[in-house]
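Structure assessment
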Amino acid sequence: MNKTAKILIIFLIFDAIVVGGYLLYKSQSAAAREASAVVWKTIDLNYTPEDDVEAYIKNDAVAKGLLPVYVKNYGRNRKALGRFKGMNFAGAREGVLLAMNPGLEDWKLIDLKFKNEKGREVQRTILYIEVKGAWKVADSGTLME
C-alpha cells in the first residue's frame, strides 16, 4: 500500500470517529432537552388544573387527603410511552393502546409523587386513557431510562 492510500484511510477513520461522536453528542443532548422540558408541578388546593386529567388527580388527592401532589405531565409523548413499563404495558406503541382499548380517544402519561397516609414518599408513572369521554387509569408503573 502506498503512502497516499494510508493517509487517505487514516483520514477517513478520523472523520468517521468525529462524525460518530458528534451524532452521539446531539442524540444525548436532545434526550436531555426533552427530559428537562417536562417539569414537576405542585398540585395543592390553590392549583388550577390545566386539563381533565390534572383535575381528576386533584379531586382524587383532595378526597384521599394526599395534598400536595407533584405531577410531571408528559401528555401524548410517544418516546415517553416507549420507555413506560407497567403491569399491562411495557414499551408500548400508540397502536397497541388502540388495539387494547376499543374506542380510545386520547391518552396521557403522568408522573406522580406524593406522601401516602403513612408518610412514605410514593412515586409512580400513570398511563391515563380517555374512552367514550371518560378518563381512567389504564396502567401504573415506571419510566425506564
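Chains are numbered independently. Their residues run from 1 in the order of the written sequence. Totals for whole chains, interfaces and linings use every residue, but because this is a predicted model, local features are given only for residues with pLDDT of at least 70 and side-chain atom pairs only at 80 or more, for both listing and counting. Side-chain figures throughout are based on the complete set of non-hydrogen atoms in the structure, without hydrogens or water.

1. Digging into unusual backbone geometry
- Here the residue pair L67 and P68 is connected by a cis peptide bond, since its omega of 0° sits within 30 degrees of zero.
- Following the sequence through the fold, P68 ends up in the loop between α2 (52–64) and β2 (69–75).
- For K132, which is not glycine, the phi torsion reads 55° and is therefore positive.
- Along the chain, the position of K132 falls in the loop between β5 (121–131) and β6 (134–143). Secondary structure elements are taken from DSSP: a helix is a run of H or I of four residues or more, a strand is a run of E of two residues or more, and numbering for both begins at the N terminus.

2. Quick look at the pairing of β2
- Between buried and exposed lies partly exposed: a residue is buried under 20% and exposed over 50% of the maximum accessible area for its type, with that area taken using a 1.4 Å probe on protein chains only. Across the 7 residues of β2, 6 count as buried, placing the element largely inside the fold.
- At least two bridges found by DSSP between two strands are what make those strands a pair. Judged from the 3 bridges that link them, strand β1 (residues 41–43) and β2 form a sheet pairing that is antiparallel. Bridge pairing links I43 to V69 in β2.
- Pairing of β2 with strand β4 (residues 104–115) involves 5 bridges; the strand directions are antiparallel. Among the inter-strand pairings, Y70 is bridged to a residue of β4, identified as K113.

3. A few points about a nonpolar patch on the surface
- There is a patch of nonpolar side chains on the surface, built from M1, I9, I13 and I17 and spanning about 460 Å² of accessible area.
- Tracing the sequence through the fold places I13 in helix α1 (residues 3–37). Exposure above 30% relative accessible area and no salt bridge define the residues that can form patches, which grow by joining like charges within 9 Å and nonpolar side chains of Val, Leu, Ile, Met, Phe, Trp and Tyr within 5 Å. To be clear on the numbers: accessible area is Shrake-Rupley with a 1.4 Å probe, and residue cover counts the displayed protein chains and nothing else. By salt bridge we mean one thing: a side-chain nitrogen of Lys or Arg within 4 Å of a carboxyl oxygen of Asp or Glu.

4. Considerations on the packing of aromatic side chains
- Planes of paired rings set the category: under 30 degrees apart is stacked, over 60 is edge-to-face and the rest tilted, where pairs are Phe, Tyr or Trp rings (Trp by its six-membered ring) whose centres lie within 6.5 Å. According to the stated counting rule, one finds 1 aromatic pair in the structure shown.
- A centroid spacing of 6.0 Å and a plane angle of 80° characterise the contact between Y56 and Y128, whose relative ring orientation is edge-to-face. Here Y128 lies in strand β5 and Y56 lies in helix α2, a separation of 72 residues in the sequence.
- Its guanidinium or amino end placed over the ring of W40, K113 lies 4.4 Å from that ring's centre, counting from NZ or CZ. The criterion is that NZ of a Lys, or CZ of an Arg, lies within 6 Å of the ring centre and within 35 degrees of the ring normal, and then a charge sits over that ring.

5. Notes on the side chain of K41
- Topologically, K41 is positioned in strand β1.
- A distance of 2.8 Å separates polar atoms of two side chains, one belonging to K41 and the other to E54.
- Note on definitions: a residue-residue contact is assigned when non-hydrogen atoms from the two residues lie within 4.5 Å. Not counting the four nearest positions on each side in its chain, K41 is found in contact with Y47, E50, E54, V69, Y70, V71 and N73. Counted as a polar contact is a pair of N or O atoms within 3.5 Å, where, for protein atoms, one must be capable of donating a hydrogen and the other of accepting one, and residues adjacent in sequence contribute only when both atoms are in side chains.

6. Quick word on the pattern of salt bridges
- Applying the stated criterion to the full structure yields 7 salt bridges.
- Its salt-bridge partner being D51, residue K108 comes within 2.9 Å of it at the nearest N-O pair. Of this pair, K108 sits in strand β4 while D51 sits in the loop between β1 and α2, and the two are 57 residues apart along the sequence.
- Owing to a relative accessible area of 15%, K108 belongs among the buried residues under this scheme.
- A single network of salt bridges, built from pairs that share partners, joins R76, R78, E94 and D106.

7. A few points about the sheet that holds β5
- What the 6 strands build is an open sheet, ordered β1-β2-β4-β5-β6-β3; its pairing is antiparallel. A strand with exactly one partner marks an edge of an open sheet, and here the two such strands are β1 and β3 (84–86). Strand-to-strand twist in this sheet, taken as the mean axis angle between neighbours without regard to direction, amounts to 45°.
- As judged from the 7 bridges shared by β5 and β6, these two strands associate in the antiparallel manner. Counterpart to I126 in the pairing with β6 is S140.
- Between the N-to-C directions of two axes lies an angle of 0 to 180 degrees, each axis being a line fitted to C-alpha atoms and, for a helix, fitted only over the stretch in contact. Running at roughly 160° to β2, α2 makes contact with β1, β2, β4, β5 and β6 of the sheet.

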